Amino acid sequence: MDDFKVTPWDVEGMVDYDRLIKEFGTTPLTDDLLERTAKLTKSELPIFFRRRFFFSHRDYDKILDDYESGRGFFLYTGRGPSGPMHIGHIIPFFATKWLQEKFGVNLYIQITDDEKFLFKEKLSFEDTKRWAYENILDIIAVGFDPDKTFIFQNSEFTKIYEMALPIAKKINFSMARAVFGFNEQSKIGMIFYPAIQAAPTFFEKKRCLIPAAIDQDPYWRLQRDFAESLGYYKTAALHSKFVPPLTGLEGKMSASKPETAVYLTDDPEEAGKKIWRFALTGGQPTLKEQREKGGNPEKCVVFKWLEIFFEEDDKKLMERYHACKAGELTCGECKRYLIKKVQDFLKEHQKKRKEAEKKVEKFKYTGELAQEQWDKAIPEPLKN
């Protein structure tokens, strides 16, 4: 890809999502699949689906088939703890919560403190473990079912290594190099890691559905090559787009670049100042030109953030879109509107995050699904 780059570790440039579907060999998320989802769940679809923030999939149609037939499925997603979580990180978790709630299924959340230690040169293992705890609080604050959700750190849940061994035996270096671009300078821990990330797709003898940003898709391509040889299903996936950084529509929000992101732990007042200072708009150079020519919401980060997460009401969003195009709205008005939405979200999230401190043990160790996983033996096909 000449003008943009999408890997599990880097996203650069203006991403062409239609082209990415062709490059990655995925399938567009169609109206038919979304209508079928609404029918099966007897629910209005959340904005992540109806506004196509999730835009691509692998075998999501089979997930719906499995649910309809009574076979069921389970959910798996994760987080690499390398720093504070920001708004871009948390949105797929809200989509995952909706899927868990509406389909009534188990969810496994892998906290990859080992991966971040291996892939981030400047992070110590203690750093990634510390960030793991902080990130877990943000994840719990989303509101998952504690008895149907198992949050596990790879450094603690060492059974994951036993499960990864037969997977690692299926992947040779040339396969991993072709998918991930490994070379002679790649650390041997990095080369083994894809087997660890694939392991949770074998936690149940059902099809697994992974809601995640499309940059993580290479891991599941490998899993789909060998899953059936181990007696399991190829994993299914729902792919989301990237939340643009405050500073422009290229790439994605970055935890390592504070001016691009609003962190979930930001003071609401400071978050407002950050949006006011850094958020790129699609407005004209002067107020006079804005009134005469109108703005360009397609090139506006403020509008994109409203569209992706912060304006639930479709009618209000479209009214704002047309008012911007007609020059009836100024960029300052839109920024103030977004700032209020973000500040309200942060206040509520941070309240739930504080409450989450008392729930960590249940999600990791004592909840029904957590206990089941700590007690369960390694599945038979994965022993061979």
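Computed from a predicted structure; not experimentally measured.

## Re the pairing of strand β4 (residues 54–58)
Working step 1: Along β4, five of the five residues are buried, which leaves the element largely enclosed by surrounding structure.
Working step 2: In this sheet, β4 lies alongside strand β3 (residues 27–28) in antiparallel orientation, the contact comprising two bridges. Paired with Pro 28 across the two strands is Ser 56, which belongs to β4.
Working step 3: Relative to strand β9 (residues 236–240), β4 runs antiparallel, the two sharing four bridges. In the strand pairing of β9, Ser 56 is matched with His 239.

## With respect to empty space enclosed by the protein
Working step 1: Under the defined criterion, the tally for this structure stands at two cavities of 30 Å³ or more.
Working step 2: Considering only enclosed or pocket space, the largest cavity measures out at about 90 Å³ in volume.
Working step 3: Contributing elements (two or more residues each) for the lining of the largest cavity: α14 (301–310) and α16 (331–356).
Working step 4: Considered class by class, the residues forming the lining of the largest cavity number eight nonpolar, five polar and no charged.

## What about helix α8 (residues 159–168)?
In an α-helix, one turn spans 3.6 residues, which is why side chains three or four residues apart end up on the same side.
Working step 1: Looking only at α8, the buried set comprises Lys 159, Ile 160, Met 163, Ala 164, Pro 166 and Ile 167. Along α8, the residues classed as buried sweep out an arc of 160 degrees about the axis, all on the same side.
Working step 2: Looking at the buried positions of α8, the neighbouring elements they touch are β6 (107–111), β7 (149–153), α10 (188–198), α11 (217–226) and α18 (368–375).

## Observations regarding the nonpolar core
Working step 1: Core analysis: the largest hydrophobic core is formed by 72 residues, its most contacted members being Tyr 60, Ile 87 and Trp 305.
Working step 2: The leading source of residues in this core is helix α5 (residues 87–103), at nine residues.
Working step 3: Not counting the four nearest positions on each side in its chain, Tyr 60 is found in contact with Leu 29, Leu 33, Thr 37, Leu 99, Phe 103, Leu 209, Ala 236 and Leu 238.
Working step 4: Ala 176, Tyr 193, Ile 210 and Trp 220 belong to the second largest nonpolar core, which has 36 residues in total.

## Remarks on the environment of Ile 111
Working step 1: Note on placement: Ile 111 falls in strand β6.
Working step 2: Separated by 25 residues in sequence, Ile 111 and Ile 136 place their C-alpha atoms 8.1 Å apart.
Working step 3: If sequence neighbours within four positions are ignored, Ile 111 has contacts with Arg 79, Pro 81, Ala 132, Ile 136, Ile 139, Ile 151, Phe 152, Gln 153 and Asn 154.

Analysis parameters
Residues numbered from 1 in each chain as written. Predicted model: local features only at pLDDT ≥ 70, side-chain atom pairs only at ≥ 80, totals over all residues. Heavy atoms only, no water. Buried < 20%, exposed > 50% of the residue type's maximum accessible area, 1.4 Å probe, protein only. Helix = DSSP H or I, 4+ residues; strand = E, 2+ residues; numbered from the N terminus. Pairing = 2+ DSSP bridges. 1 Å grid on protein atoms, 1.4 Å probe; cavity = no way out; pocket = protein on both sides within 12 Å on 5 of 7 lines; lining within 4 Å. Points joined across faces, edges and corners; volume = space filled by probe spheres on them. Nonpolar A, V, L, I, M, F, W, Y, C, P; charged D, E, K, R; others polar. Arc of directions from axis to C-beta. Contact = heavy atoms within 4.5 Å. Core = buried A, V, L, I, M, F, W, Y, C linked by side-chain atoms within 4.5 Å.

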